[in-house]
Amino acid sequence: MKELTVILVTALAAGSLGFLIKVPDIQQPTSRTSSMGWIHMQKLLLPLFDNVCEESTDPTIVRLSQEFTLDSIADKYTDPEIVNNLKKLYAVNGQLQKGVIFTELNKDHMFEFQLLYDVLYNAQTFDTFYKTAAWARQNVNCGLFVNAIYLAILKRRDTEKITVPAPYELLPHYFIRQDIIIKASSLLAGGDVAVTENIVNEGNSYILDANYTCNIDASGESKLAYFHEDVGLNTYYFLKKLQYAPWFNTEDVNSNHAEYLYHFLKQLTARYNLERYSNGLTPLERFDWTTSNVDTYDPMLVFSNGQGFTPRLIGLDITGLNTLQNIEDSAMKMIPTLVQNGYTKSQIISNLMNLLMTNAENYELDVRRFFGGVATENRCRSVLAHYMTSLRDPVSWKINKKIVDIVDEALKSIPGYIRNELYFPGVQVVNVEVKKLTTMFEPFKFEVTDALRISTDRPMFDVNVVESRLNHKPFTLKLNISSLVSQTGLVKIYLGPKILPGEFATKKHLYMLLDNFECNLKIGSNMISRTSNAIERTSEDFVSLKVLRKLVEDAEFGLDVQPLNSLENLSGFPSRLVLPKGTSEGLPMQLLVFVAPFIKVTAAGINVMPKTEYNSAILSPGYPFDLDFDDKQFFSLPNVLVKDIIITHKESSGANKGEYDGSKKWGGSDKTNTYGLKKEPYDYNLKKTQYGKSQDYEAKKDDHATIAPKINDKVVTDNIQVIKDYEVDGQSNLNPEADPGSYFSDKEPYALRLRNSPYEVSSKNDYEARKQKYNYEEKRNKYNTRNEARRSKYYNKYVIGNRTPNPKNDKLEDKLNINDDERYNIDVMKSVMKWHPKTTLGNNIEDTDEKVISKNEAASTSEAYLHNGSILQRDDYIYE
């Protein structure tokens, strides 16, 4: 039996890569693994996904479906009773007919889905699984089959290396606007469709531009249509909802199923708030049924049977509102009882999530039915009634937020984390670096020919849909982590908006877990590079059915092919969307790096790394942001670091509005780049005079030093340089009256305090200082050995030991005008000033030379030293 190891500190287990190569026919060491080669298994499964809403014409599938009966192979399943359950259902209620709209809101539909999945999953061999799938492909409702086959392939061991086409290629009706579906279907049916700027004929294929329901110039939440309707994001949500199906919520399958489901919703909500932040919208607020209003929403979608999705209206049923409010009240009343009875955090979350989501009948289903409409037919045709379309409706994000808020409220009743539960002894995050982060919209093309054709014969041309999707340029995070001993750590990197100091504990829910990974720390400094394509829990795009067929054919003929991602690997969050859109001016945000001891849980039990104290809190997927903590204490930890970053959005003429640029034509045999956009010749003559002469730069060398900024209506000219981003020529970008509780966190408080500091800003340029030759003879006898040793002692005690300022240094704090909030939130200062201090060592030793100390030292008041009772203080600083 293959040993299964589960890493509980990560949200998702890493999947496997499937290589399209032939392997010897050797029986695998598990009862459910087939003796077939992977390439043969992949080839057999692909016809199951061809035009799934019509009966298959593949000869093998037709033959197997005709030969298959549930009675004849009941002994081929691990539990024969599973087959009997499906037979009883069909005998009493019959099957869900083809052409009927399948919905996850209907409990009868979901019960049949569960039984069909059980039969597929419990097939003892791949051969039995394939025969069952071929029968289901021909006899089962289209939507029901798609759900069951995706979930079975995700869960079975012998299909763990199999890849499949994307849902948006199988059922484009759920992802693309109805007018595009109608035009594409008309083309495939032989109808006349005019070639316009949105329909391009390129050789033997038509390419249709699929815009979103609204563009980014719209008002309110409508401007987020490019995010709500992203085909990759909706695919991710669909696959995750399948994996969190209610029947998996058992102790035998996954004891913390509910906790991971809650963590999934919380991270999804945090990511949505970051996108709202990029578009100037406030974060989602707590949803109150008595006061909240919801706008109407028209999804502009059509089902494969020709019926349209129903719009959501404003009118709300009062009776339904009362029911929902009663469920919420019941959940809140449960909390004190659970806490008093000694339930653990995981148990409290599990009990609440059972009521809210994981039971067969739950709060989430009632909310979605409530917004779907009063009539049963309308509910089935609502986007909220389908996993593939739920996120298109803005109210779906409010429902997720509502569930997260209820659980968060419960967790406030649990004692928060203390310092020892957050501290990682011997580990310090020294620095994190990342270059410019840039996002943009890029065209994405996928084929809909097989899904929309009605003829059994494949047409002589292809129909493709192209839409503009959010993406980012590749980036690399470089971490510097020091350790006193060799040990294994768990690194968690969070991304969030800039917030004011002292507010992090109440606004930590706005931070999204960007990445988490295991790292082996050696003694000393550890330089770690983390590229954007290596981020955990993310996935690239699916490979199209057409490309998969070609790869299988190439592999059969012995040609080398690249490895394909398994369905498990493709079920992660879209890697394109790890960064929010940002703004063209640059959106200020923050990275937070947290390092904790790595703890691994295996079938044999909990495995604690050597030299590491066991901390059960680390096993929680939401640690350390799932419980309260003191933020000052949190940011004083050496294993925590915050870094200011900027995310810039690169705009283009059409794509920046969430729609494809219609000016981009596909131009036959012309020399073109992607999708036929002609490349303009580079005009070198135009660039000849772009850059100035060397003497021009010499003339402008001292321009900045001559500009005198105003502070409090007074011109300051003595040895002060201009802080360009804040105030030049009397024009101030600072707003000292800004609301400290606002969503955006500017640098006003820090900049103003620094600008009004009694210490001058030197006008000496940094590059001039570097030109001076270092005089080693002059420095040879600079330090007094005894005093230097004493200084080192105090540094180790007050700075390295506990990273807190010396309690005797009150005068220093007054002089530097630095308060408690600024002491632990040092990143704002680091981004504003580079310090060049002048110090005085007691009364007998003078040091008038400037030396550059690290930004961490400069930004923290804890690097104050004692020397014979005197305070060593910073007397000057230079803005870089």
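**Concerning unusual backbone geometry**
Here Y623 and P624 are connected by a cis peptide whose omega angle stands at 5°. Although it is not a glycine, M300 sits at a positive phi angle of roughly 60°. Along the chain, M300 falls in the loop between α11 (257-278) and α12 (318-340). Residue M300 is classed as partly exposed on the basis of its relative accessible area of 31%. Positive phi, normally seen in glycine, also occurs at R537, with a value near 70°. Relative to the helices and strands, R537 is located in the loop between β10 (524-531) and β11 (538-539). Residue R537 is classed as buried on the basis of its relative accessible area of 18%.

**A short note on helix α16 (residues 394-411)**
If you check α16, its first and last C-alpha atoms are 26 Å apart, about what 18 residues at 1.5 Å a residue would give, namely 26 Å. Taking burial as the measure, the 18 residues of α16 include 17 buried ones, the bulk of the element.

**Examining the pattern of salt bridges**
All chains considered together, the criterion is met by 34 salt bridges. Note that E275 is salt-bridged to R271, the shortest N-O span being 2.8 Å. Note that E275 and R271 are positioned in helix α11 at a spacing of four residues, about one turn of the helix. Owing to a relative accessible area of 0%, E275 belongs among the buried residues under this scheme. Residue K401 is joined to D405 by a salt bridge in which the shortest nitrogen-to-oxygen separation is 3.1 Å. In this pair, K401 and D405 both sit in helix α16, four residues apart, roughly one turn of the helix. Among the ionic contacts, a cluster of salt bridges with common partners joins D50, D450, R453 and R549.

**Brief notes about the packing of helix α2 (residues 59-67) against helix α5 (residues 126-139)**
Interaxial distance between α2 and α5 falls to 8 Å at its minimum, and their mutual angle equals 95°. By the angle between their directions, the pair α2 and α5 is classed as roughly perpendicular. Residues T60, I61, V62, L64 and S65 of α2 lie in contact with α5, whose contacting residues are Y130, K131, A134, W135, R137, Q138 and N139. Looking at side-chain class alone, the contact of α2 with α5 contains six nonpolar, four polar and two charged residues.

**Brief notes about empty space enclosed by the protein**
Evaluation of the coordinates by the stated rule reveals 13 cavities of 30 Å³ or more. Around the second largest cavity sit Y262, H263, K266, Q267, A270, Y494, K508, H509, Y511, G622, F625 and D626, which together line it. Tallying contributions element by element places α11 first for the lining of the second largest cavity, with five residues. In the lining of the second largest cavity, the residues fall into five nonpolar, four polar and three charged.

**Re the sheet that holds strand β6 (residues 462-472)**
Read across the sheet, eight strands follow the order β2-β3-β6-β5-β17-β14-β8-β9 without closing on themselves; strand pairing throughout is mixed. In this open sheet, the two edge strands, each paired with only one partner strand, are β2 (199-202) and β9 (512-521). On average, each strand axis in the sheet is inclined to that of its neighbour by 30°, with strand direction left out of account. Of the pairings in the sheet, the one linking strand β8 (residues 487-497) to strand β14 (residues 587-597) comprises nine bridges and is antiparallel in character. Opposite I493, over in β14, you have V593 as the bridge partner. Contacting β2, β3 (205-209) and β6, helix α8 (residues 178-188) crosses the sheet at an angle of about 170° to β3.

**Here we look at the confidence of the model for the protein**
Residues with a pLDDT of 70 or more make up 65% of the protein, whose mean pLDDT is 74. This stretch, residues 1-35, has a pLDDT under 50; its non-local contacts, to residues over four places away or in other chains, come to 85 contacts. Confidence over residues 782-880 falls short of pLDDT 50; this stretch has 189 contacts with residues more than four positions distant or in other chains.

**Notes on the sheet that holds strand β4 (residues 427-434)**
Note: strands within a sheet are paired through backbone hydrogen bonds, in either parallel or antiparallel orientation. Across the sheet, three strands lie side by side as β4-β7-β10; this open sheet has antiparallel pairing. Because the sheet does not close on itself, it has two edges, and the strands there are β4 and β10. Within this sheet the neighbouring strands show an average axis-to-axis angle of 20°, counted without direction. Relative to strand β7 (residues 476-483), β4 runs antiparallel, the two sharing seven bridges. The residue of β7 that forms the bridge with V434 is L477.

**Overview of helix α3 (residues 80-92)**
For an α-helix, 3.6 residues make a turn, and residues three or four places apart therefore share a direction. Compared with an ideal rise of 1.5 Å per residue, which puts 13 residues at 18 Å, α3 spans 19 Å between its outermost C-alpha atoms and is within 8% of the ideal. Every buried residue of α3 is listed here: I82, V83, L86, L89 and Y90. Seen from one end, α3 has its buried residues packed into an arc of 120°, which puts them on one side. In this structure, α3 carries K88, A91 and V92 as exposed residues pointing more than 90 degrees from its buried face.

**Quick look at the nonpolar core**
In this structure, F113, F129 and Y150 are the most contacted members of the largest nonpolar core, which totals 90 residues. For this core, the leading source of residues is helix α6 (residues 142-155), giving 11 residues. Beyond its immediate sequence surroundings of up to four residues, F113 is in contact with F102, L144, N147, A148, L151, L242 and W247. In terms of nonpolar packing, the next biggest core, distinct from the first, is built from 78 residues, A258, L265, F573 and I599 among them.

**Digging into the state of the cysteines**
In total, this model carries one disulfide according to the counting rule given. Each sulfur of the disulfide joining C53 and C142 lies 2.5 Å from the other. Between C53 and C142 the sulfur-sulfur dihedral comes to about -55°; the bridge is accordingly left-handed. Of this pair, C53 sits in the loop between α1 (38-45) and α2 while C142 sits in helix α6, and the two are 89 residues apart along the sequence.

**Points about the packing of aromatic side chains**
Note on aromatic pairs: each is described by the distance of the centres and the angle between the planes. One pass over the structure, following the stated rule, counts 42 aromatic pairs. Here W247 and F248 contribute two aromatic rings whose centre-to-centre distance is 5.8 Å and whose plane-to-plane angle is 55°, an arrangement assigned as tilted. An angle of 75° between the planes, with centres 5.2 Å apart, marks the rings of F370 and F371 as edge-to-face. With respect to class, F370 is no different from F371; both count as buried.

**Considerations on the side chain of E275**
Polar side-chain contacts of E275 include one of 3.3 Å to the backbone nitrogen of K581. Those residues in contact with E275 that lie beyond four places of it in its chain are L224, Y226, F227, L470, P580 and K581.

**So, the packing of helix α13 (residues 345-358) against α16**
Closest axis-to-axis distance for the α13/α16 pair is 10 Å, and the angle between their directions is 150°. Considering their axes alone, α13 and α16 lie roughly antiparallel with respect to each other. In this structure, α13 crosses over α16, and the sense of that crossing is right-handed. Counted together, K345, I348, I349, L352, M353, L356 and M357 of α13 and I403, I406, V407, A410 and L411 of α16 form the full contact between these two elements. Partitioned by chemical class, the residues of the contact of α13 with α16 number 11 nonpolar, no polar and one charged.

Quick notes on the rules
Residue indices begin from 1 for each chain and proceed along its sequence in written order. A pLDDT threshold of at least 70 governs which residues receive local features in this predicted model, and a stricter bar of 80 or more applies before side-chain atom pairs are shown or counted, although totals over entire chains, interfaces and linings include all residues. As a rule here, side-chain values cover all heavy atoms of the structure and leave hydrogens and water aside. A run of H or I in DSSP counts as a helix once it spans at least four residues, and a run of E counts as a strand once it spans at least two, with each numbered from the N terminus. Residue burial is assigned from relative accessible area. The probe radius is 1.4 Å, only protein chains are included, and a residue is buried under 20% of its type maximum, exposed over 50%, and partly exposed in between. Expected span of a helix, by definition, is 1.5 Å for each gap between consecutive residues, and there is one gap fewer than residues. In what follows, salt bridge is the name for a side-chain nitrogen of Lys or Arg lying within 4 Å of a carboxyl oxygen of Asp or Glu. The axes used here are C-alpha line fits, helices contributing only the stretch in contact, and every angle between their N-to-C directions lies in the interval 0 to 180 degrees. An angle counts as roughly parallel when it lies under 35 degrees, as roughly antiparallel when it exceeds 145, as roughly perpendicular when it falls between 65 and 115, and as oblique in every other case. Contact definition: two residues touch when any of their heavy atoms are within 4.5 Å. Each residue is assigned to one of three groups, with Ala, Val, Leu, Ile, Met, Phe, Trp, Tyr, Cys and Pro labelled nonpolar, Asp, Glu, Lys and Arg labelled charged, and all others, Gly among them, labelled polar. With a 1 Å grid laid over protein atoms only, a set of points is called a cavity when a 1.4 Å probe fits there but cannot get out and a pocket when it is open yet has protein on both sides within 12 Å along at least five of seven lines; lining residues have an atom within 4 Å of a point. Grid points are joined across faces, edges and corners, and a volume is the space filled by probe spheres set on the points. Two strands are counted as paired when DSSP detects at least two bridges linking them. pLDDT: the predictor's confidence for each residue, scored from 0 to 100. Directions pointing from the helix axis toward each C-beta atom define the arc. As used in this record, nonpolar core signifies buried Ala, Val, Leu, Ile, Met, Phe, Trp, Tyr and Cys residues forming a set joined through side-chain atoms within 4.5 Å. A pair of cysteine sulfur atoms is labelled a disulfide when the two atoms are within 2.5 Å. The rule is short: rings of Phe, Tyr and Trp, with Trp giving its six-membered ring, pair when the centres are within 6.5 Å, and they are stacked under 30 degrees, edge-to-face over 60, tilted in between. Nitrogen and oxygen atoms within 3.5 Å of one another constitute a polar contact, given that in protein one can donate a hydrogen and the other can accept it, and given that sequence-neighbouring residues count only through two side-chain atoms. Left-handed describes a crossing in which the near helix is turned anticlockwise from the far one by less than a right angle; the clockwise case is right-handed.

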